[in-house]
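So the chains spell out like this:
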Amino acid sequence: MALEAIKWNENKLYILDQLRLPLETEYITVNNVKEGWQVINKMQVRGAPAIAIVGCLSLATELSQASFKDKHELLETICEKLQYLVTARPTAVNMKKAAEELTSFTKNLYNDKVSVTEMVDSVISWCQKMLNYDVSTNKKIGDFGADSILKSAGGKNVKILTHCNTGSLATAGYGTALGVVRSIHARGCLDQAYCTETRPYNQGARLTAYELVYDKIPGTLICDSMVAALINSHKIDAIVVGADRLAVIAKHHNVPFYVCAPTSSIDLNLAVGKDIPIEERPHNEMTDIAGIKIASPGISCWNPAFDVTPAELITGGIVTELGIFKPA
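With an unreviewed UniProt entry as reference, the chain is termed Methylthioribose-1-phosphate isomerase-like, source organism Homarus americanus. Listed under Sequence similarities (unreviewed entry) in UniProt, the entry text for the chain is "Belongs to the eIF-2B alpha/beta/delta subunits family."

See the structure below:
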């Protein structure tokens, strides 16, 4: 059975609580937008595509339980709640884009000759379609990435290094960068997938390792600080990431570096990467693991959620559902 991090059934939303992984597999119910905001902000669900899907489906489940006196009240409610959801993780551009698109869609419905009930049903249907569309998008990314890597490898089985978590737990299913690994494995061409622990939140050790074991994909966990040593001692054929970086090391060792992301993760309104808003996460994500303090009490912390990879270091290309955009 495929791993499902997001479940939607009869207007009910359930998410796999990623803070409890890998030791506990527990689904929690999201009943409304407030609870959707909380699970996104606390990183019980994470990954830009998954954040947008859970945000919109939390709105859908709330709308299915509510009643509205007229279309104007419904429109105001949807616009307000979508803007609220964007504030849960402002770095995740997918939620902002989804909010803009759904707001525009709702305004068009408002101007059409539809009833309040029809308007609600149409918005819920719009949100539901995000699940299937995301899985389809990820499989295209997986196939495009696999084609490129295997072509470069000249027919031999490959060793792939990935970072953070970009799989079923970060999307509606299958994954982006980890989707490339899945596609290579499905073709019988994967020698080994290496994943970093990904401090400070251990998304690699907790989540990517969990997915590799769950799907019986040959995988090996390494410390973040051992990436250069791994590349130096093992022939790594490619590095695939979502929007993170091992790019400097890859460039030094002449290993193709791919960024794998749906087009919904690309903010075309920004000219350069330094304009991306980077949120700073709570310090206890660095100092504590599963509630146990590992850092010296009183130490100051700096915990940005992401860094930005310089474009010239993306030597393999950017893999999207539309194809691969090469460095040229």
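From this point, the discussion proceeds with the structure in view.
### So, the sheet that holds strand 7 (residues 238-241)
Strand order across the open sheet formed by seven strands is 6-5-4-7-8-11-12, with mixed pairing between neighbours. Among the strands making up the open sheet, the edge pair consists of strand 6 (219-222) and strand 12 (323-325). Direction aside, neighbouring strands of the sheet carry axes that sit 25° apart on average. Each of strand 4 (158-162), strand 5 (190-196), strand 7 and strand 8 (257-260) is contacted by helix 6 (residues 177-186), which is oriented at about 165° to strand 4, the strand it contacts most. Against the sheet, helix 7 (residues 203-214) touches strand 4, strand 5 and strand 6, its axis set at about 160° to strand 5.

### Overview of the environment of A205
Within the secondary structure, A205 is located in helix 7. For A205, a relative accessible area of 26% gives the class partly exposed. Note: C-alpha distance between A205 and L21 (184 residues apart in sequence) is 9.9 Å. If we skip the residues at most four places from it in the chain, A205 touches T196, E197 and L221.

### Describing the environment of R89
Among the structural elements, R89 can be located in the loop between helix 3 (71-86) and helix 4 (93-111). The buried category is assigned to R89, whose relative accessible area is 6%. Placed 67 residues apart in sequence, R89 and P22 show a C-alpha to C-alpha distance of 23 Å. Not counting chain neighbours up to four residues away, the residues in contact with R89 comprise I40, N41, M43, I51, E279, R281, A305 and F306.

### Regarding the environment of I294
Looking at where I294 falls in the secondary structure, it is placed in the loop between strand 10 (292-293) and strand 11 (317-320). Separated by 10 residues in sequence, I294 and N284 have C-alpha atoms that sit 9.8 Å apart. Aside from chain neighbours lying at most four places away, what touches I294 is R199, M286, T287, D288 and I289.

### Concerning the pairing of strand 7
Here strand 7 shows no split at all, with A238 and V240 on one side and I239 and V241 on the other all buried. Relative to strand 7, strand 4 runs parallel, the two being bridged by three bridges. Counted as the bridge partner of L161 is I239 from strand 7. By the bridge criterion, three bridges tie strand 7 to strand 8 in an arrangement that is parallel. Directly across from V241, in strand 8, lies its bridge partner V259.

### Examining the sheet that holds strand 2 (residues 12-16)
Strand order in the open sheet made by the three strands is 1-2-3, with antiparallel pairing throughout. The open sheet has two edge strands with one neighbour each: strand 1 (6-9) and strand 3 (27-30). The average angle at which neighbouring strand axes cross in this sheet is 25°, direction not considered. Sitting on the sheet, helix 1 (residues 33-41) touches strand 2 and strand 3, and the angle it makes with strand 3 is about 140°. Strands strand 1, strand 2 and strand 3 of the sheet are contacted by helix 2 (residues 48-65), whose axis makes an angle of about 25° with strand 1.

### Re the pattern of salt bridges
Counted by the stated rule, this structure contains 15 salt bridges. Of the charged contacts, one joins R20 and D17 as a salt bridge, the two residues approaching to 3.6 Å between their closest N and O atoms. Of the residues examined, D17 reaches a relative accessible area of 5% and is grouped as buried. Close ionic contact of R182 with E211 constitutes a salt bridge, the shortest N to O distance being 2.7 Å. Linking R182 in helix 6 with E211 in helix 7, this pair joins segments that are 29 residues apart in sequence. In this pair, the class of R182 matches that of E211, namely buried. The structure contains a network of salt bridges with shared partners spanning D17, R20, E24 and E26.

### Some remarks on the confidence of the model for the chain
Residues at a pLDDT of 70 or more form 99% of the chain, whose mean pLDDT is 93. Per-element confidence in the chain is highest for strand 4, whose mean pLDDT is 98, and lowest for strand 9 (residues 288-289), whose mean pLDDT is 86.

### Some points on the side chain of T320
Its location among the elements puts T320 in strand 11. Here the side chain of T320 touches L322 through a polar contact of 3.0 Å, landing on its backbone nitrogen. Excluding its chain neighbours within four sequence positions, the residues that come into contact with T320 are I141, F144, A261, T263, I266 and F325.

Criteria and cut-off values
Residues numbered from 1 in each chain as written. Predicted model: local features only at pLDDT ≥ 70, side-chain atom pairs only at ≥ 80, totals over all residues. Heavy atoms only, no water. UniProt positions renumbered as here; feature names shortened; annotations may be inferred. Pairing = 2+ DSSP bridges. Helix = DSSP H or I, 4+ residues; strand = E, 2+ residues; numbered from the N terminus. Axes fitted to C-alpha atoms, helices over the stretch in contact; angles between N-to-C directions. Contact = heavy atoms within 4.5 Å. Buried < 20%, exposed > 50% of the residue type's maximum accessible area, 1.4 Å probe, protein only. Salt bridge = Lys/Arg side-chain N within 4 Å of Asp/Glu carboxyl O. pLDDT = per-residue confidence, 0-100. Polar contact = N/O pair within 3.5 Å; in protein donor to acceptor, adjacent residues only side chain to side chain.

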